[in-house]
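# Fold and contact review
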Amino acid sequence: MSGASSAAVAVRRVQAPGLGELAAATWSNALLIGHEVVMSGMTAHPATRQAAEAATPLGAYEQTLVVLEKAKALVEAAGGHIGNIYRLTVYVTAIADKDEVGRARRDFFAGFAHYPTSTLVQVSGLVFPELVVEIEAGARLDIDLRAAVPPVQTSIKKG
């Protein structure tokens, strides 16, 4: 190694009100690494919702909104806002739910200049049978997808 030293980026665990982590958990709900908020997959499991609403099973649309609200809460706890969310990885147990998930994303990010990037995949199951959607989200505190910025244009030279 040369004489140059590199400074480590600070890592801070992010905790949001109402989004507790189990004492025995071997993961963090979210970490702030520099300007990046990295989040674990979130679900709308009844144990993580208010008692009155937990008794009612939720469909894909409703579960997606619950999960996106959790991601928003974590980003806000890290010092950011909803416009910082730039990446979603969505896991569904039935690909037929993709339209309801898409509708929830449109409603949640309504008015944004740009939607977050997204991958949607079908999985054979989630940790509890009543869950049909799980979402991992990524955010950067130094960007805002609500703001309009011209798209990047590239030219391809034919050779």
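Above this text you will find the structure in question.
Keep in mind that what you see is a predicted model, and the values were worked out from it rather than measured. (Residues numbered from 1 in each chain as written. Predicted model: local features only at pLDDT ≥ 70, side-chain atom pairs only at ≥ 80, totals over all residues. Heavy atoms only, no water.)

### Points about the pattern of salt bridges
We count it as follows: Salt bridges are identified by distance alone: a Lys or Arg side-chain nitrogen within 4 Å of an Asp or Glu carboxyl oxygen. Secondary structure is summarised from DSSP: a helix means a run of H or I of at least four residues, a strand means a run of E of at least two, and numbering begins at the N terminus for each. Accessibility here uses a 1.4 Å probe with only protein chains present; expressed as a share of the type maximum, an area under 20% marks a residue as buried, one over 50% as exposed, and anything in between as partly exposed.
Summed over all chains, the structure comprises 6 salt bridges. Arg-140 is paired through a salt bridge with Glu-36; the nearest N and O atoms lie 3.3 Å apart. A residue pair is termed long-range when its members are at least 10 positions apart, and Arg-140 in strand 6 (residues 133-140) and Glu-36 in strand 3 (residues 36-39) qualify at 104 residues. Notably, a salt bridge pairs Arg-146 with Asp-144, separated by 2.9 Å at the nearest N-O pair. Relative accessible area serves as the criterion here: at 38%, Arg-146 is assigned to the partly exposed category.

### Observations regarding helix 3 (residues 98-108)
Along an α-helix, a turn takes 3.6 residues, which lines up residues three or four apart on a common side. The test is simple: The directions considered for the arc are those from the helix axis to the C-beta atoms. Pairs of residues are marked as contacts when any of their non-hydrogen atoms sit within 4.5 Å.
Those residues of helix 3 that sit buried are Val-101, Gly-102, Ala-104 and Phe-108. Taken end-on, helix 3 shows its buried residues confined to a sector of 160°, consistent with a single buried face. Looking at the packing, one finds that the buried side of helix 3 touches helix 2 (60-77), strand 4 (85-92), strand 5 (117-122) and strand 6.

### Things to note about the pairing of strand 3
Put simply, the rule reads: We treat two strands as partners when DSSP finds at least two bridges between them.
In the sheet, strand 2 (residues 30-33) pairs with strand 3 via 4 bridges, with the strands oriented antiparallel. What sits directly across from Leu-32, in strand 3, is Val-37. Pairing of strand 3 with strand 6 involves 3 bridges; the strand directions are antiparallel. Note on strand 6: the bridge partner recorded for Val-37 is Ala-139.

### Observations concerning the sheet that holds strand 4
Each strand in a sheet pairs with its neighbour through backbone hydrogen bonds, running either in the same direction (parallel) or in the opposite one (antiparallel). In plain terms, the rule: Here an angle of 0 to 180 degrees is reported between the N-to-C directions of two axes, which are lines fitted to C-alpha atoms, with helices fitted over the stretch in contact.
The 6 strands are arranged 1-2-3-6-4-5 in an open sheet whose pairing can be described as mixed. Strands at the two margins of the open sheet, each flanked by one partner only, are strand 1 (11-14) and strand 5. Geometrically, the sheet is characterised by an average inter-axis angle of 15° between neighbouring strands, direction not taken into account. The pairing of strand 4 with strand 6 spans 7 bridges and is classified as antiparallel. Pairing of Ile-85 across the sheet is with Ala-139, part of strand 6.

### Remarks on the nonpolar core
Selection criterion: We define the nonpolar core as a collection of buried residues of types Ala, Val, Leu, Ile, Met, Phe, Trp, Tyr and Cys that are connected through side-chain atoms lying within 4.5 Å of one another.
Core analysis: the biggest nonpolar cluster contains 31 residues, and Met-39, Leu-74, Ile-85, Leu-88, Phe-109 and Val-133 have the highest contact counts within it. Elements supplying a minimum of two residues to this core: strand 2, strand 3, helix 2, strand 4, helix 3 and strand 6. In contact with Met-39, not counting residues within four places along its chain, are Asn-29, Ala-30, Ala-71, Leu-74, Val-75, Glu-136, Ala-137, Gly-138 and Ala-139.

### Topic: the packing of aromatic side chains
For clarity, the threshold we go by: In summary, the pairing rule links any two rings of Phe, Tyr or Trp, Trp by its six-membered ring, whose centres are within 6.5 Å, and it sorts them by plane angle into stacked for under 30 degrees, edge-to-face for over 60 and tilted for everything else. Criterion for a charge above a ring: Lys NZ or Arg CZ within 6 Å of the ring centre, and within 35 degrees of the ring normal.
With the rule as written, the count across this model stands at 2 aromatic pairs. With a centroid separation of 4.9 Å and 85° between ring planes, the pair formed by Phe-108 and Phe-109 is classed as edge-to-face. Taken individually, Phe-108 and Phe-109 each receive the classification buried, so the pair is uniform in this respect. Note on Phe-109 and Phe-112: the rings are 5.2 Å apart at their centroids and 70° apart in plane angle, and the pair reads as edge-to-face. Phe-109 sits in the buried class, given a relative accessible area of 1%. The exposure class assigned to Phe-112 is buried, which follows from its relative accessible area of 14%. Every member of this aromatic cluster is reached through a ring pair, and the members are Phe-108, Phe-109 and Phe-112. In this structure, Arg-103 is placed above the aromatic ring of Tyr-61, and the distance from its NZ or CZ to the ring centre is 3.7 Å.

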